[in-house]
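An overview of the molecular structure
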Amino acid sequence: MRSPGLFDTEHEQFRESVRRFLETEAVPHREAWDAAGRIDRDLWRSAGALGMLGSAIPDQYGGAGADRLYPFIAAEELGRSGFAFAGWTVQDICCQYILKYGTEDQKQAWLPGLCAGDIIASVAMTEPGAGTDLKAIRTTARRDGDDYVLSGQKTFITNGPSCDVAIVVAKTDPAAGAKGVSLFLVEANRPGFDKGRNLQKLGQKLQDTGELFFNEVRVPASSLLGTEGQGFFHLMSDLPFERLLISVNAVAAARSAFEMTVEYARARPLFGATLLDQQNSRFRLAELKTEIAVGQAFVDQLLAGYLAGTTNGDDAAMAKYWTTELQCRVADACVQLHGGNGYMLDYPITRAYADARAQRIYGGSNETMRDLIGRTL
Ligand SMILES: Cc1cc2nc3c(=O)[nH]c(=O)nc-3n(C[C@H](O)[C@H](O)[C@H](O)COP(=O)(O)OP(=O)(O)OC[C@H]3O[C@@H](n4cnc5c(N)ncnc54)[C@H](O)[C@@H]3O)c2cc1C
């Protein structure tokens, strides 16, 4: 049950259209796109046409001009559908950075294409030697006349292999610590910008995730996004948005795993009855149902607070940590209830189990979330 009054009729209509879109245009192609390691470019444009990309971006920049619940609805429906594609969520996050910190020229140049799905964006923070400890990044952006020159390497970048532009986190003043980090909008066709491998993952296989290399990539000073030296703070400025996007997706994915397992247990004969008739199955599923309801109530409360401006980064850290652990816990229990079938890729629960695992690692690892929560004590 959802919190009364959170979503209105228009929200529900949008949800319905996203649900239909995923069911008819995305999910049927999962196996082919898993094998390809990426989705068709056309699907980006279809998602754009539906208003799924940059839904909360004002219409003057090509967005749907909707309220900030819309990206959450899209993230929820992605979780529900089993189409574990984080790329559109990342695209929304990029749009928000540009809307918030971009110059008028940058907004005009990038936002319409991003909202239409004609342009694909990525956020390139992590490096082989620096993930959680972002201050340890080694990518630099050296000022040279009217340009900056970027050198370095990034890894695990969602949308990296297919991106047309990357928001690159680089040090403009390596001696200044957190105050020496800046953001740059770097076009993928710039000389010296090379894409490495599309990395092979445990799950989320249809989502491309890759390495990016910057070998003396020259960009004009107008590529700086936001204020020089403030990149770290820009990245941290809307953490509730990013963490809640993962949280709503996690609860929806957990519910989906639970529902497919109830259906399976009802149909599976066991000892002259069904799997669902066994007391352990009912007890386990009852526990999962309760935990999902608790998680849902928590994220709904934080979503309402987010709209009202009262949900802070620590609240969202609690949600990100707890809901992604919930998703993994539910997926694991559901695999167990499926028995051997739960280990076979023919069954959607197996995919749900593999897809879930990364949610505890990215978006700020769950250890980072615990650390942040611990600091409030
Ligand atoms: C599928 C996927 C998609 C991703 N997409 C992107 C992307 O689009 N852009 C991007 O920039 N990055 C992306 N990442 C990278 C992701 O954000 C990092 O993997 C994550 O931040 C952890 O960094 P790390 O891998 O370097 O691990 P490390 O920082 O080396 O951490 C290793 C372990 O140590 C733990 N740890 C860290 N700090 C502490 C501490 N203080 N105390 C105790 N334990 C600690 C961590 O939680 C983790 O368990 C993605 C990763 C994955 C798996």
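Some thoughts on the overall build of the protein chain
Along its length, the protein chain carries twelve helices and ten strands. Taking 21 Å as the expected radius of gyration for a compact globule of 377 residues, we find that the protein chain reaches 21 Å, a close match to that expectation. C-alpha extents for the protein chain along the principal axes are approximately 80 × 45 × 40 Å. In the protein chain, 74% of the contacts between residues at least 6 apart in sequence involve partners at least 24 apart. As presented, the protein chain carries roughly 16,700 Å² of accessible surface, and 52% of it is formed by carbon and sulfur atoms. Put simply, the protein chain has 39 plus and 47 minus side-chain charges, and the middle of one group is 5 Å from the middle of the other.

Let's talk about the site of the ligand
Contacts to the ligand come from 13 residues, most closely from Thr 126, Thr 132, Phe 156, Ser 365 and Glu 367. Thr 132 places a polar side-chain atom, nitrogen or oxygen, 2.6 Å from an oxygen atom of the ligand. In this structure, a nitrogen atom belonging to the ligand sits 2.8 Å away from a main-chain N or O atom of Phe 156. Among the elements that take part in the shell around the ligand, strand β3 (residues 147-158) stands out by supplying three residues, more than any other. Both domains that furnish three or more residues to the shell around the ligand are identified here as domain 2 (122-229) and domain 3 (238-375).

Notes on helix α1 (residues 9-26)
With 18 residues, α1 extends 25 Å from end C-alpha to end C-alpha; this agrees with the ideal 26 Å at 1.5 Å per step. Residues of α1 that are buried in the fold lie against α2 (30-36), α3 (41-50), α4 (70-81) and α5 (87-101). The N-cap residue of α1 is Asp 8: its side-chain oxygen and the backbone nitrogen of Glu 10 are 3.0 Å apart.

With respect to the packing of α1 against α4
At their nearest, the axes of α1 and α4 sit 9 Å apart, and the two run at 35° to each other. Both α1 and α4 take part in a crossing whose hand is right-handed. Within the contact between the two elements, α1 uses Glu 10, His 11, Phe 14, Arg 15, Val 18, Arg 19, Leu 22 and Glu 23 and α4 uses Tyr 70, Ile 73, Ala 74, Glu 76, Glu 77, Leu 78, Arg 80 and Ser 81. Grouping the constituent residues of the contact of α1 with α4 by class yields seven nonpolar, two polar and seven charged.

Here we look at the pairing of β3
Burial of β3 is extensive: nine of the twelve residues sit out of reach of the surface. Summarising the sheet, β3 and strand β7 (residues 209-220) pair through nine bridges and their orientation is antiparallel. Note that in β7 the partner of Thr 158 across the bridge is Thr 209.

Quick look at the pairing of strand β2 (residues 140-144)
Where β2 lies against β3, five bridges are found, and the strand directions are antiparallel. Directly across from Arg 143, in β3, lies its bridge partner Tyr 148. A loop of two residues connects β2 with β3, the two strands running antiparallel in sequence, and Gly 145 in this loop sits at a positive phi of about 65°.

Some points on the domain arrangement of the protein chain
You can read the domains of the protein chain as domain 1 (9-119), domain 2 (122-229) and domain 3 (238-375). Opposite the 20 residues of domain 1 that make contact, domain 3 presents 16 residues. When domain 1 packs against domain 3, the two sides together hide about 1,700 Å² of surface, and 64% of this comes from carbon and sulfur. Three residues stand out in domain 1 for area buried against domain 3, namely Arg 68, Phe 72 and Glu 76, and they jointly supply 35% of the buried area on that side. Taken together, the connections running from domain 1 to domain 3 amount to three salt bridges. Put simply, Arg 351 and Asp 34 hold a salt bridge, and the shortest N to O gap is 2.6 Å. At the boundary of domain 1 with domain 3, the tally comes to six residue pairs in polar contact (both at pLDDT 80 or more). Broken down by secondary-structure element, the contributors of at least two residues to the side of domain 1 that touches domain 3 are α2, α4 and α5. Here the side of domain 1 that touches domain 3 is composed, by residue class, of eight nonpolar, four polar and eight charged.

Regarding the nonpolar core
Soluble globular proteins tend to bury their nonpolar side chains together. In terms of nonpolar packing, the biggest core is built from 103 residues, with Phe 83, Trp 88 and Leu 150 touching the most fellow members. Here this core takes eleven residues from helix α8 (residues 239-267), the largest share from any one element. Apart from the residues lying within four places of it in its own chain, the contact partners of Trp 88 are Phe 21, Leu 22, Ile 39, Leu 43, Trp 44, Ala 47, Met 52, Leu 53, Leu 78 and Phe 83.

Reading the values: rules and limits
Residues numbered from 1 in each chain as written. Predicted model: local features only at pLDDT ≥ 70, side-chain atom pairs only at ≥ 80, totals over all residues. Heavy atoms only, no water. Helix = DSSP H or I, 4+ residues; strand = E, 2+ residues; numbered from the N terminus. Rg over C-alpha atoms; globule rule 2.2 N^0.38 Å. Contact = heavy atoms within 4.5 Å. Areas by Shrake-Rupley, 256 points an atom, 1.4 Å probe, with all protein chains shown as cover. Lys, Arg positive; Asp, Glu negative; His and termini not counted. Charge placed at Lys NZ, Arg CZ, Asp CG, Glu CD. Near = heavy atom within 4 Å. Polar contact = N/O pair within 3.5 Å; in protein donor to acceptor, adjacent residues only side chain to side chain. Domains from an automatic or database assignment. Expected span 1.5 Å × (residues − 1). Axes fitted to C-alpha atoms, helices over the stretch in contact; angles between N-to-C directions. Left-handed = near helix turned anticlockwise from the far one by under 90°. Nonpolar A, V, L, I, M, F, W, Y, C, P; charged D, E, K, R; others polar. Buried < 20%, exposed > 50% of the residue type's maximum accessible area, 1.4 Å probe, protein only. Pairing = 2+ DSSP bridges. Buried area = accessible area lost by both parts, 1.4 Å probe. Salt bridge = Lys/Arg side-chain N within 4 Å of Asp/Glu carboxyl O. Core = buried A, V, L, I, M, F, W, Y, C linked by side-chain atoms within 4.5 Å.

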